[in-house]
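Close look at the chain arrangement
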Amino acid sequence: MRRTVLLAAAALSFTAAAPAFADAPVEVAIGPKLAEKTRSYGPREINDMRDFLDRIATSAINRKGAAPIARADLVLEDAVPNAPTSAQYGRNQGLSMWSVGLGGAHIGGTVTTTDGQVHPINYAFYESFWQQPQPPHRWRDATRAFEMATSQIA
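These figures come from a predicted structure and were not determined experimentally. Per chain, residue numbering runs from 1 following the sequence as it is written. Selection of residues for local features in this predicted model requires a pLDDT of at least 70, selection of side-chain atom pairs for listing and counting requires 80 or more, and totals for whole chains, interfaces and linings are taken over all residues. Side-chain numbers here rest on the full set of heavy atoms in the structure, without hydrogens or water.

1. Side note on the overall build of the chain
A run of DSSP states H or I qualifies as a helix once it reaches four residues; a run of E qualifies as a strand once it reaches two. Both are numbered from the N-terminal end. Per the secondary structure count, the chain includes 6 helices and 4 strands. Reading the helices (α) and strands (β) of the chain from amino to carboxyl end gives α-β-α-α-α-β-α-β-β-α. Summary of the burial criterion: residues with accessible area below 20% of their type's maximum are buried, those above 50% are exposed, and those between are partly exposed, where the area comes from a 1.4 Å probe applied to protein chains only. Within the span of the chain, comprising 154 residues, buried residues form 33% of the whole. The contact criterion used is simple: two residues touch if any of their non-hydrogen atoms lie within 4.5 Å. Counting only contacts in the chain whose residues sit at least 6 apart along the sequence, the fraction spanning at least 24 positions is 71%. With residues, only the protein chains shown are counted as cover, and all accessible areas are computed by Shrake-Rupley using a 1.4 Å probe. Roughly 9,200 Å² of accessible area belongs to the chain as shown, and the carbon and sulfur atoms make up 58% of that amount.

2. So, the environment of V28
Relative to the helices and strands, V28 is located in strand 1 (residues 26–30). Given the relative accessible area of 13%, V28 is considered buried. Sequence-wise, V28 and M49 are 21 residues apart; in three dimensions their C-alpha atoms are separated by 9.9 Å. Not counting chain neighbours up to four residues away, the residues in contact with V28 comprise R50, L53, D54, L74 and L76.

3. Quick look at the pairing of strand 3 (residues 104–113)
Among the 10 residues that make up strand 3, 7 are buried, leaving the element largely enclosed by the rest of the structure. A pair of strands is considered paired only if DSSP assigns at least 2 bridges between the two. Sheet topology note: the strand 2 (residues 69–80)/strand 3 ladder contains 10 bridges and is antiparallel. Bridging across to strand 3, V75 finds its partner in G108. Bridge count for strand 3 against strand 4 (residues 118–126) is 9 bridges, and the pairing is antiparallel. Bridge pairing in strand 4 places T110 opposite P120. As consecutive antiparallel partners, strand 3 and strand 4 are separated by 4 residues, and within that stretch G116 has a phi angle of approximately 90°, a positive value.

4. Details of the packing of helix 4 (residues 43–62) against helix 6 (residues 140–153)
In a pair of packed helices, the angle between the axes and the distance between the axes together describe the arrangement. Viewed as axis vectors pointing N to C, helix 4 and helix 6 meet at an angle of 30°, and their least axial separation amounts to 9 Å. Considered as vectors, helix 4 and helix 6 are oriented roughly parallel to each other. In the packing of helix 4 onto helix 6, the handedness of the crossing is right-handed. Contacts from M49, F52, L53, I56, A57, A60 and I61 of helix 4 reach helix 6 at T143, F146, E147, T150 and I153. Interaxial angle, 0 to 180 degrees, is taken between N-to-C directions of lines fitted to C-alpha atoms, where a helix line uses only the stretch in contact. An angle below 35 degrees is read as roughly parallel, one above 145 as roughly antiparallel, one from 65 to 115 as roughly perpendicular, and any other as oblique. Put simply, a crossing is left-handed when the front helix is turned counterclockwise from the back one by less than a right angle, and right-handed when it is turned clockwise.

Structure (structure tokens):
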């Protein structure tokens, strides 16, 4: 019992000593090119992508061993789905779950480190080779772009 209490106390003291940059704010804006596609994709899809990029960027920055980042201001410049969105299905009855294509995304913005330096971010990934025999997740390639960009940021 005593060993458990000591381990718990050590864990709490270690947690309390976390660096101040662990809660770096992340802001994600929608760029003009993607904003033009809002009517086509649907506002819910755009908001969901922005929220997802915010979550994975925050997670990447807060991971143990990440650089001392004070702030990340990201811009979701563009995104292309692998499959039609709900709004697109609603407008075009000829689309099916087998209506698929190559997708991707472009992320820009800046990252400010705790020493005050501002670093530009400009990352794009668009799939160029169809490799799945079955319909992919709607935003598979955009998600891959988000994960690659945020791992480089961190």
